[in-house]
Amino acid sequence: MTSLGTASAAPGEIDTGRLTIGETRDGTPVGLPVAVVNGRRDGDTLYVQAASDGDELNGVGVVSRVVPQLDPAALAGTVLVVGIANYYGFQVAEHRNPIDDTKLNRTFPGDPEGSSSERIAHAVFEAATRADLVLDLHQGSTSRMIDEVRVRCGRHHRLHRDCLELAKAFGCGHVLDQKGPEGQLARVASDEGIPAVDPELGGAVGWDETSIERGVRGIFNVLHHYGFLDGDVDLSRQTRARGFDRYGAPAGGLVDYQVDLGASVERGDALFRVTDVFGTVKAAVDAKNDGVFWRTRRLPQVATGEYVCSVGTSIDTY
Ligand SMILES: [Zn+2]
């Protein structure tokens, strides 16, 4: 029998339930929605989590489509799923947990007697550290972003190669290989000896079908590559960035992009212009370095100095 919260599944079974994390302001018990898929055959354990950031819904779309397709009779090993990690942020579609105004993905490994986010982090980290592989499904928040996978352990980490392999197996096409900030699940789980990555499934608001479909495929790629399911996947070369150039607006107005998301840019290429309301160009911004046009703000209006876009830099493939 394998359990996560109230979900309990014998070999060959699947169950869903709740993982208690405390009580709401009116004293109602709160449990994160969890699933256990216990394969008929022995094998490794995969941990999957979505909505660590409460406004990042594509991962919830992935989980809601992957779990019904998982057949425990065909599975070797176990898949543990936390469908919504940032419970309170999800209720109000906000990035941070509104109970403590904290980003959950800066609080790992958590604290069972800490703030609301630290308690959630502790509860889900206990589940994640039972696994052999960790996938923490994110997206570029509400900005527009390409589909990519982030390797957060850092290049000198003993698990760097393993995390790169997991990112390649997931197979979004792009990988950001850059050490993450403290308290990030993908970094802290790697420190515990578990290969862990953040698939970043696009961006914007609501559900993006293309990114959700890529996430579904990514999870099945991982299940095949690591032997949870029969049949191998052909790993395709990934375009890797090892840095980011961030661009701000030199003037206030409306942003007019000169490049499509995902396009390669060379140093000196026009990236965007800022116009006034009547279309008069006030400023033009060129790429400082070669790279891939990675992320942009969602709304067109900007104040001077406000974030506009990012270019992934130090590009290679692996
Ligand atoms: Zn996120």
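For the structure itself, look to the data block above.
Rules of the game
Residues numbered from 1 in each chain as written. Predicted model: local features only at pLDDT ≥ 70, side-chain atom pairs only at ≥ 80, totals over all residues. Heavy atoms only, no water. Helix = DSSP H or I, 4+ residues; strand = E, 2+ residues; numbered from the N terminus. Rg over C-alpha atoms; globule rule 2.2 N^0.38 Å. Buried < 20%, exposed > 50% of the residue type's maximum accessible area, 1.4 Å probe, protein only. Contact = heavy atoms within 4.5 Å. Areas by Shrake-Rupley, 256 points an atom, 1.4 Å probe, with all protein chains shown as cover. Lys, Arg positive; Asp, Glu negative; His and termini not counted. Charge placed at Lys NZ, Arg CZ, Asp CG, Glu CD. Polar contact = N/O pair within 3.5 Å; in protein donor to acceptor, adjacent residues only side chain to side chain. Phe/Tyr/Trp six-rings, centres within 6.5 Å; stacked < 30°, edge-to-face > 60°. Lys NZ or Arg CZ within 6 Å of the ring centre and 35° of its normal. Donors = N, O, S within 2.8 Å, 3.2 Å for Na, K, Ca; no water. Pairing = 2+ DSSP bridges. Patch = residues over 30% accessible without salt bridge, like charges linked within 9 Å, V, L, I, M, F, W, Y side chains within 5 Å. Salt bridge = Lys/Arg side-chain N within 4 Å of Asp/Glu carboxyl O. Axes fitted to C-alpha atoms, helices over the stretch in contact; angles between N-to-C directions. Parallel < 35°, antiparallel > 145°, perpendicular 65-115°, else oblique. Nonpolar A, V, L, I, M, F, W, Y, C, P; charged D, E, K, R; others polar. Expected span 1.5 Å × (residues − 1).

Participant: Could you clarify how one ought to interpret the overall build of the chain in this entry?
Facilitator: Regarding its fold elements, the chain presents 6 helices and 21 strands. The C-alpha radius of gyration of the chain comes to 20 Å, within 12% of the 20 Å expected for a compact globule of 318 residues. A burial count over the chain gives 54% of its 318 residues as buried. Across the chain, every contact between residues at least 6 apart in sequence was considered, and the portion connecting residues at least 24 apart equals 72%. For the chain, the exposed area adds up to about 13,500 Å²; of that, 45% sits on carbon and sulfur atoms. The positive charge centre, built from 32 side chains, and the negative charge centre, built from 45, are 5 Å apart in the chain.

Participant: Explain the environment of Tyr257 to me, please; I cannot follow it from the model alone.
Facilitator: By the element assignment, Tyr257 lies in strand E14 (residues 253-257). Given a relative accessible area of 23%, Tyr257 falls into the partly exposed group. Once the C-alpha coordinates of Tyr257 and Arg273 are considered, the two residues, 16 residues apart in sequence, prove to be 6.5 Å apart. Apart from the residues within four sequence positions on either side, Tyr257 is in contact with Arg144, Leu271, Phe272, Phe293, Thr296, Arg297, Val308 and Cys309. Of the polar contacts made by the side chain of Tyr257, one reaches the backbone oxygen of Val308; its length is 3.4 Å.

Participant: Explain unusual backbone geometry to me, please; I cannot follow it from the model alone.
Facilitator: With the exception of glycine, most residues fall at negative phi, and the peptide bonds are largely trans. With an omega of 10°, the peptide bond between Phe108 and Pro109 qualifies as cis. One non-glycine residue with positive phi stands out, namely Ala51, at about 55°. Summarising the element assignment, Ala51 is placed in the loop between strand E5 (41-50) and helix H1 (58-69). Ala51 sits in the buried class, given a relative accessible area of 0%.

Participant: Would you mind going over the packing of aromatic side chains with me for this structure?
Facilitator: Where two aromatic rings form a pair, the distance of their centres and the angle of their planes describe that pair. The tally for this structure, following the rule as stated, stands at 4 aromatic pairs. Look at Tyr87 and Tyr88: their rings are 5.4 Å apart centre to centre, the planes differ by 85°, and that puts the pair in the edge-to-face class. Pair check on accessibility: Tyr87 and Tyr88 agree, each one buried. Above the face of the Tyr257 ring, Arg144 is positioned so that its terminal group lies 6.0 Å from the ring centre. Between Lys288 and the ring centre of Tyr247, over which it is positioned, the NZ or CZ distance is 4.8 Å.

Participant: Mind showing me how you'd approach the coordination of the zinc ion here?
Facilitator: Ideal values for angles at a metal depend on the geometry: 109.5 degrees with four tetrahedral donors, 90 or 180 degrees with six octahedral donors. All of the protein donors around the zinc ion are Asp53 (OD), Glu56 (OE), Glu56 (OE) and His138 (ND1); their distances to the metal are 2.0 to 2.5 Å. One chain supplies every donor to the zinc ion, and in sequence these donors are spaced D-x2-E-x81-H. In this pair, Asp53 sits in the loop between E5 and H1 while His138 sits in the loop between strand E7 (133-137) and strand E8 (144-145), placing the two residues 85 residues apart along the sequence. For the pair formed by Asp53 and His138, the shared burial category is buried.

Participant: Please clarify how the side chain of Thr275 should be interpreted in this entry.
Facilitator: Tracing the sequence through the fold places Thr275 in strand E16 (residues 270-275). A relative accessible area of 11% places Thr275 in the buried class. Discounting residues that sit within four places of it in the chain, Thr275 has contacts with Gly252, Gly253, Leu254, Thr280, Val281 and Lys282.

Participant: I'm lost on the sheet that holds E14 in this one. Help?
Facilitator: Sheet strands pair by backbone hydrogen bonding; their relative direction is either parallel or antiparallel. A sheet is described by the order of its strands in space; here 4 strands give the open sequence E17-E16-E14-E19, paired in antiparallel fashion. Two strands bound the open sheet, and with one partner strand each, they are strand E17 (281-286) and strand E19 (301-302). Pairing geometry for E14 and E19, over 2 bridges, is antiparallel. Bridge assignment links Gly253 to a residue of E19, and that residue is Val302.

Participant: Looking at this structure, I do not really get the pairing of E17. What am I missing?
Facilitator: Regular strands show a simple pattern: their side chains alternate between the two faces of the sheet. Taken together, the 5 bridges between E16 and E17 define a ladder with antiparallel strand orientation. Of the residues in E17, the one forming a bridge with Phe272 is Val285. Joining the antiparallel neighbours E16 and E17 is a turn of 5 residues, in which Gly279 adopts a positive phi near 90°.

Participant: Hey, could you run me through a negative patch on the surface in this one?
Facilitator: Negative charge collects at one region of the surface, where Glu266, Asp269, Asp286 and Asp290 lie side by side. On the secondary structure map, Asp290 appears in the loop between E17 and strand E18 (291-296). On the basis of relative accessible area, Asp290 is assigned to the partly exposed category, the value being 49%.

Participant: So what exactly am I meant to see when it comes to the packing of helix H4 (residues 160-170) against helix H6 (residues 209-225) here?
Facilitator: For any two helices packed against each other, the geometry is given by the interaxial angle and the distance between the axes. For the pair H4 and H6, interaxial distance at closest approach is 7 Å and the crossing angle is 125°. On the basis of their axis angle, the class for H4 and H6 is oblique. Contact residues: Glu165, Leu166, Ala169 and Phe170 in H4; Arg214, Gly215, Gly218, Ile219, Asn221, Val222 and His225 in H6. Classifying every residue of the contact of H4 with H6 by side-chain character gives 5 nonpolar, 4 polar and 2 charged.

Participant: How do you make sense of helix H3 (residues 116-128) when you look at a structure like this?
Facilitator: Two residues of an α-helix separated by three or four positions point the same way, owing to the 3.6 residues in each turn. Taking 1.5 Å of rise per residue, 13 residues should cover 18 Å, and H3 covers 18 Å from first to last C-alpha, within 8% of that figure. All of the buried residues along H3 are Ser116, Ser117, Ile120, Ala121, Ala123, Val124, Phe125, Ala127 and Ala128.

These results come straight from atomic positions and should not be treated as a statement about function.
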